[in-house]
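# Fold and contact review
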Amino acid sequence: AWNYGQGDTYPAYYVSWNDAQNFITALNAHITNTGQSPATVRLPSEAEWEYACRAGTATRFYFGDSLSVGDYCEDDGIRSQYMWYCGNNDPYGSKPVGGKLANAFGLHDMSGNVWEWCEDDWHYGYTGAPSNGSAWVDSPRGSYRVIRGGSWSSYAQFCRSAIRLYNWPDYRNYNLGFR
């Protein structure tokens, strides 16, 4: 069996968007059935995810532009303080959550560790996107869903705050999960 990091403090991976939705449905039912709160859990919209990642910054990464080295596996001594990526991933695999410095909002692992699913359907640009930060969902649903953040196996360029990719909603991988 493959092991890319296991334990109570590691991120969940091999999680498809559909898996995340099933978990969220079960969690919301549990919250309602146990009378804990009127809260409803959901995946973040792509806009919410980027806002949370940037934490008020306008730089390439939430910790700065990091332009003194290349955008592959190079480390400028700052990157490795904030993210798990191919430049500091030894041993190979995901790492315990919170092992790197947080962004200004106190959020850890917004860059690297595991790619994160967003609620949105994939669109190649932002023309027509909601202006209120809500998820951009087509009817009927599109073929792909947005993923953000990069992973422990990614080049640094894929861990930038603005990077966005996509995958099929039933796709699972060793570096893909949700928060």
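A short tour of the structure in this document, coming up. (Residues numbered from 1 in each chain as written. Predicted model: local features only at pLDDT ≥ 70, side-chain atom pairs only at ≥ 80, totals over all residues. Heavy atoms only, no water.)

### A word on helix α2 (residues 46-54)
E46, W49, E50, A52, C53 and R54 are the residues of α2 that are buried. Where α2 is buried, its residues meet β1 (115-121), β2 (145-148) and β3 (164-167). A55 sits one or two positions beyond α2 and adopts a positive phi of about 50°. (Buried < 20%, exposed > 50% of the residue type's maximum accessible area, 1.4 Å probe, protein only. Helix = DSSP H or I, 4+ residues; strand = E, 2+ residues; numbered from the N terminus. Contact = heavy atoms within 4.5 Å.)

### Notes on the pattern of salt bridges
Applying the stated rule across the entire model yields 12 salt bridges. In this structure, E48 engages R42 in a salt bridge whose closest nitrogen and oxygen atoms are separated by 2.8 Å. You can call E48 partly exposed: its relative accessible area is 31%. (Salt bridge = Lys/Arg side-chain N within 4 Å of Asp/Glu carboxyl O.)

### A look at the nonpolar core
The biggest cluster of nonpolar side chains holds 15 residues, and the ones touching the most others in it are F61, Y62, F63, M83 and M110. Ranked by residues supplied to this core, first place goes to α2 with three residues. If near-sequence neighbours (up to four positions away) are discounted, M110 is found in contact with W49, A52, C53, Y62, N103, G149 and R179. Of all hydrophobic cores here, the second largest spans 10 residues; its members include V15, W17, L43 and L176. (Core = buried A, V, L, I, M, F, W, Y, C linked by side-chain atoms within 4.5 Å.)

### Considering the side chain of S45
Residue position: S45 is located in the loop between α1 (17-33) and α2. Since its relative accessible area comes to 1%, S45 is described here as buried.

### What to know about the packing of aromatic side chains
Under the defined criterion, the tally for this structure stands at 20 aromatic pairs. Judged by centre distance (5.3 Å) and plane angle (50°), the ring pair of W152 and Y174 falls under tilted. Placement of W152 in the loop between β2 and β3 and of Y174 in the loop between β3 and β4 (176-177) is noted, with a sequence separation of 22 residues between them. Judged by relative accessible area, W152 falls into the buried class, the value being 0%. Here the guanidinium or amino end of K100 rests over the ring plane of W84, the centre of that ring lying 3.9 Å away. Across the ring face of W17, the terminal group of R145 is positioned such that the distance to the ring centre comes to 4.4 Å. (Phe/Tyr/Trp six-rings, centres within 6.5 Å; stacked < 30°, edge-to-face > 60°. Lys NZ or Arg CZ within 6 Å of the ring centre and 35° of its normal.)

### A short note on unusual backbone geometry
In the segment running from D90 into P91, the intervening peptide bond is cis, with an omega of 5°. Of note, the bond from S139 into P140 is cis; its omega dihedral lies within 30 degrees of zero at 0°. Unusually for a residue other than glycine, Y14 sits at a positive phi of about 60°. The phi dihedral of S66 falls on the positive side, at around 55°, and the residue is not glycine.

### With respect to the state of the cysteines
Think of a disulfide as a covalent bridge from one cysteine sulfur atom to another cysteine sulfur atom. By the definition in use, this model includes one disulfide. The residue that forms a disulfide with C73 is C86, at a sulfur-sulfur distance of 2.0 Å. Torsion about the S-S bond of the C73 and C86 cystine: about -115°, corresponding to left-handed handedness. Note that C73 is positioned in the loop between α2 and α3 (79-82) and C86 in the loop between α3 and β1, a separation of 13 residues in sequence. A residue is classified by how much of its surface remains accessible, and C86, at 24% relative accessible area, is partly exposed. (Disulfide = S-S within 2.5 Å.)

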